[in-house]
Amino acid sequence: MLPDAKIPAGPMAEKWDNHKFDMKLVNPANKRRFKIIVVGSGLAGSSAAATFGELGYQVELFTFHDSPRRAHSIAAQGGINAAKNYRNDGDSVYRLFYDTVKGGDYRAREANVYRLAQVSVNIIDQMAAQGVPFAREYGGLLDNRSFGGAQVSRTFYARGQTGQQLLLGAYQQMMRQVHLGKIKLHTKKEMLDVVVKDGEACGIVTRDLVTGQVEAHSGHAVVLATGGYGNVFYLSTNAMACNVTAAWRAHRKGAYFANPCYTQIHPTCIPASDEFQSKLTLMSESLRNDGRIWVPRNPDETRSADQIPEADRYYFLEEKYPAFGNLVPRDVASRNAKTVVDQGLGVGPLKNGVYLDFVDAINRDSAEVIEEKYGNLLQMYERITGEDPYKTPMRIYPATHYTMGGLWVDYNLMTTIPGLYAAGEANFSDHGANRLGASALMQGLADGYFVLPYTIGDYLAPRLQKKLVDTDDEVFTQAVAGVQDQTARFIGIGGTRSPDHFHRELGKLVWDYIGMARNATGLEKAISEIKALKDEFWADLRVLGTADSLNSSLEKAGRIADFFELAELMARDALDRRESCGGHFREESQTDEGEALRDDENFAHVSAWEWNGTDQPQTKHAEQLVFDEVHLTQRSYK
Amino acid sequence: MSNTLNLTLNIWRQDGPNGPGRFETYKAPGIPEDASFLEMLDLVNEALIAEGKVPIEFPHDCREGICGTCGVMINGRAHGPERGTATCQLHMRKFSDGDTIDVEPWRAAAFPVIRDLVVDRSPLDAIIEAGGYISAPTGTAQDANETPIPKEVADSAMDAAACIGCGACVAACPNSAAQLFTAAKVWHLNSLPQGQPERYRRAQNMVETMELYFGSCTNHGECSEACPKEISQDFIAYLNRDHMKAKIFNRKLASQR
């Protein structure tokens, strides 16, 4: 049974305010009696830990990085949305809410999204007060831009490094609490299990990546802010260490995993150049504001791009979507790039990209204007590919970027395990089947600064007499032994193939069958092939070195083992969802024009999957989505 | 398919913080010139694993020049030969077929080696903890546009705030000083209106913590040369100014000591 989502009653605009009043409070003097464990130091984790510390809770923060500032939120380029309406262009909380529900293809929970839009304005105020150097106009006021096809300018930014500046802001607030003794910081410790006693989360088990020590940590509540699972594709724009392990181990302990098949493929990344490639690099989609996307009409084209006349160029987005052109949403842009590449029209040595061309923009505005706007991006492109984008069109192709699915949480961000919370990309809650640009930073900070600090008190208040579970308790010793056994098992297999080898092979299966377009035959094939590869992994893995020192092969092995199980669930979820929506495109469900076709009758629900044991298929629970405010329509960008 | 290079690598191997280290020489044949420096190390590691040898530990994560995790000495230069480029963004087309490349961890007493090319940079976090923040608890903020900030000031703060905390400035410095790192954060916060109330406390506390771990600055300028974000040495002058003023502003009366 799926627990109640605890959506407050009352009109949409009053739900959160009423709920804040109705929730129980912990008296300031009692807050120090509670210990909260936070795992992950990205935007959601750092901001939650800092705010818990300010409120007076004892906090322990765990990160596997050598410093909390390395978390992958740091790599976000474009910006952060907020319904400030500083541009006087018709923006409002309601419009941001509406756009987010629509952009998510009507597969998000209305009440959560409305709250997100409400607190978005507080985030900008908070971050400015902390000294985040947002872009300004000459008058000294904050600058905005339009982003990701939005019809209003609501995106705040700090050059092309918005994620970096916001993360450093949250990290600094957290370090202030470390200085004040409110937060105990644990670096280079990877969470490998959640511990549950009498049905409530009571702590975690970590492995010290430097000494190999496996340790138990007890807390009254646990917050997982451990990011998304895009690295299941092997090649993605995520950092190398991003993984699903924390969320997955929680899933294995009883937390339901929601909508795993909702993955976002970002349209503007640099295409893979070879087998050795370790990651794909994102080029901010702001490039689509001025660049024109095209491929040659002739699959056997041999001329260089500048020699191909207009008539022989296929500007596929502009032709198909005259109203939005190159600015269609991410999922639409990505799928169309895949279509032309699959037709053999791709460009580049591997014919795996499409052109993003600045020639018209340079002729219109001058090379200086383009450099002023995009100089750092074009320089990064030149550095990676060795090609000059001012002379030769850039080559781009979609890559996995963000995962909308994640641990199921109720309105309070609590998972199906009482006392275990999930925040930021690790939960499933706000983006439905497709995330809009500049909304990830907004959600991470909303969860950490403005939602969890309220909702966690409601859980803790009645537990004032509850003692911390002793780390000698059976539940902890068993979990520690489980982690130690798994570590020993990886080293003991003594096979012939490296962790990276298996990760790459798994990634190919996931990309081919659970990527931008999916069908029943492919998904069934994926399930059996993933299983077969998983069996090979457990029989032929080679992890060298020891368990009692820094050993990145060993770390990877644990993460890949969890990716195998996740990949299988992604395929099952995608197979079960016999409709197309947002980032999930089922070839069997499309309009006559080849666009995603939803089936609201049968699939206007969240699929939350319950773990049944290793090698047992999970059980699906459906949370019906109710739309009181937003009118469901077929998205059209023509 | 890109051209390939045949390289010889002299790589620092060290089993743990206390163990002795040594250079080991590896052949790296057929390295595609489109590979990044770290992808080259991936290929070397795959070959080592195939031979049953323990792979080389090296620091890395985002591989797009922003997280600050990566960084090694390449032929004696922090982050290698290309200006304004972190190790992960350095590509092998900057090298030539037949090259011998020396690869070492950051060299600084404040950054002890954990294993092979990975070092412990936690003293940089200690400097931030000492005052690298503006005290603005959640929920207390006024509307963001209540405090206008001239564009030039915001841009200059951003120039300093671009620091990725990789530690190349320390590794490149003959004194292993952390002035550029500290100055970048001090100037980011001290130049903004929001940073004024704590301005001199911040300068003094961060410098005092820095001096617990790192050497002293003697204006060599190697830090800015090595910095992947090309952060200007000028910020060190601003830091020195605020630190000197702090000595006066923060003087305590006899009864307060």
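Residues numbered from 1 in each chain as written. Chains lettered and ligands numbered in written order. Predicted model: local features only at pLDDT ≥ 70, side-chain atom pairs only at ≥ 80, totals over all residues.

Draft legend 1. Representation of the overall build of chain A. When helices and strands are tallied, chain A shows 17 helices and 19 strands. Its C-alpha radius of gyration of 24 Å places chain A within 12% of the 26 Å reference for a compact globule of 638 residues. Dimensions along the principal axes, computed over C-alpha positions, put chain A at roughly 75 × 60 × 50 Å. The burial tally for chain A puts 59% of its 638 residues in the buried class. (Helix = DSSP H or I, 4+ residues; strand = E, 2+ residues; numbered from the N terminus. Rg over C-alpha atoms; globule rule 2.2 N^0.38 Å. Buried ≥ 20, exposed ≤ 12 C-beta atoms within 10 Å, placed from the backbone.)

Draft legend 2. Focus on helix α3 (residues 43–55) of chain A. Residues and elements named next belong to chain A. If you check α3, its first and last C-alpha atoms are 18 Å apart, about what 13 residues at 1.5 Å a residue would give, namely 18 Å. Of all 13 residues making up α3, 13 are buried, and the element is well covered by its neighbours. The first or second residue beyond α3 is Gly56, which carries a positive phi of 115°. (Expected span 1.5 Å × (residues − 1).)

Draft legend 3. Local environment of the sheet that holds strand β11 (residues 263–269) of chain A. All names here are of chain A. Judged by pairing direction, the sheet is antiparallel, and its five strands sit side by side in the order β11-β15-β14-β12-β13 without closing on themselves. The open sheet terminates on both sides in strands that have one partner only, identified here as β11 and β13 (313–314). Pairing geometry for strand β12 (residues 292–296) and β13, over two bridges, is antiparallel. Bridge pairing in β13 links Val295 to Tyr314. Lying on the sheet, helix α9 (residues 330–342) is in contact with β11, β12, β14 (354–357) and β15 (394–403); it crosses β11 at an angle near 70°. (Pairing = 2+ DSSP bridges. Contact = placed C-beta atoms within 7 Å. Axes fitted to C-alpha atoms, helices over the stretch in contact; angles between N-to-C directions.)

Draft legend 4. Spotlight on the nonpolar core. Of all hydrophobic cores here, the largest spans 282 residues; its most connected members are Val223(A), Leu224(A), Val354(A), Leu407(A), Tyr421(A), Cys169(B) and Val170(B). Ignoring any residue separated from it by four or fewer positions in sequence, one finds Val170(B) in contact with Trp106(B), Ala108(B), Ala110(B), Phe111(B), Ser176(B), Ala177(B), Ala178(B), Phe181(B) and Phe214(B). (Core = buried A, V, L, I, M, F, W, Y, C linked by C-beta atoms within 7 Å.)

Draft legend 5. Helix α2 (residues 122–129) of chain B, seen in detail. A large share of α2(B) lies buried, amounting to six of its eight residues. Those residues of α2(B) lying buried are Pro123(B), Leu124(B), Asp125(B), Ile127(B), Ile128(B) and Glu129(B). Against α6 (162–179) of chain A together with α5 (179–190) and α6 (199–213) of chain B lie the buried residues of α2(B).

Draft legend 6. Representation of the interface of chain A and chain B. Counting from both sides, the interface comprises 64 residues of chain A and, opposite them, 64 residues of chain B. Looking at the side of chain A that touches chain B, the elements that each hand over two or more residues are α3, α5 (110–129), α6, α11 (367–385), α12 (440–460) and α16 (552–576) of chain A. Per-element accounting of the side of chain A that touches chain B gives the leading share, nine residues, to α6(A).

Draft legend 7. Quick peek at unusual backbone geometry. Residues and elements named next belong to chain A. The phi dihedral of Lys6 is positive, around 60°, even though this residue is not glycine. Residue placement: Lys6 occurs in the segment before α1 (15–22). The backbone of Tyr106 shows a phi angle near 60°, a positive value even though the residue is not glycine. Following the sequence through the fold, Tyr106 ends up in the loop between α4 (93–103) and α5.

Draft legend 8. Just the sheet that holds strand β6 (residues 189–197) of chain A, in detail. Residue and element names in this part refer to chain A. Read across the open sheet, the three strands follow the order β6-β7-β8; overall the sheet is antiparallel. In this open sheet, the two edge strands, each paired with only one partner strand, are β6 and β8 (214–218). Here the average twist between neighbouring strands, direction ignored, is 25°. Relative to β8, strand β7 (residues 200–208) runs antiparallel, the two being bridged by five bridges. Directly across from Val205, in β8, lies its bridge partner Ala216. Packing against the sheet, helix α13 (residues 474–493) makes contact with β6, β7 and β8, and its axis sits at approximately 140° to β6.

Draft legend 9. Summary view of the packing of α3(A) against α12(A). All names here are of chain A. Where α3 contacts α12, the two axes come as close as 8 Å, and the packing angle between them is 20°. By the angle between their directions, the pair α3 and α12 is classed as roughly parallel. As α3 packs across α12, the resulting crossing turns out to be right-handed. Residues Leu43, Ala44, Gly45, Ser46, Ser47, Ala48, Thr51, Phe52 and Leu55 of α3 pack against Leu441, Gly444, Leu445, Asp447, Gly448, Tyr449, Leu452 and Pro453 of α12. The class makeup of the residues in the contact of α3 with α12 is 10 nonpolar, six polar and one charged. (Parallel < 35°, antiparallel > 145°, perpendicular 65-115°, else oblique. Left-handed = near helix turned anticlockwise from the far one by under 90°. Nonpolar A, V, L, I, M, F, W, Y, C, P; charged D, E, K, R; others polar.)

Draft legend 10. Expanded view of the pairing of strand β9 (residues 221–224) of chain A. All names here are of chain A. Taking every second residue as pointing to the same face, both faces of β9 are buried, with Ala221 and Val223 on one and Val222 and Leu224 on the other. Inspection of the sheet shows strand β1 (residues 35–39) paired to β9 by four bridges, in the parallel sense. Paired with Val39 across the two strands is Leu224, which belongs to β9. One ladder, built from three bridges, connects β9 with strand β17 (residues 420–422); its direction is parallel. Along β17, the bridge assignment pairs Val222 with Leu420.

Draft legend 11. Representation of the pairing of β15(A). Residue and element names in this part refer to chain A. The buried fraction of β15 amounts to 10 of the 10 residues, a majority that puts the element mostly inside the structure. Bridge count between β11 and β15: five bridges; the pairing is antiparallel. Its bridge partner being in β15, Gln264 is matched across the sheet by Tyr402. Sheet topology places β14 next to β15; three bridges connect them, and they run antiparallel. Looking at the pairing, Leu356 lines up with Met394 of β15.

Draft legend 12. Highlighting the environment of Val93(A). All names here are of chain A. Along the chain, the position of Val93 falls in helix α4. Owing to 20 C-beta atoms within 10 Å, Val93 belongs among the buried residues under this scheme. With 458 residues separating them along the chain, Val93 and Asn551 place their C-alpha atoms 48 Å apart. Not counting chain neighbours up to four residues away, the residues in contact with Val93 comprise Ala83, Ala117 and Gln118.

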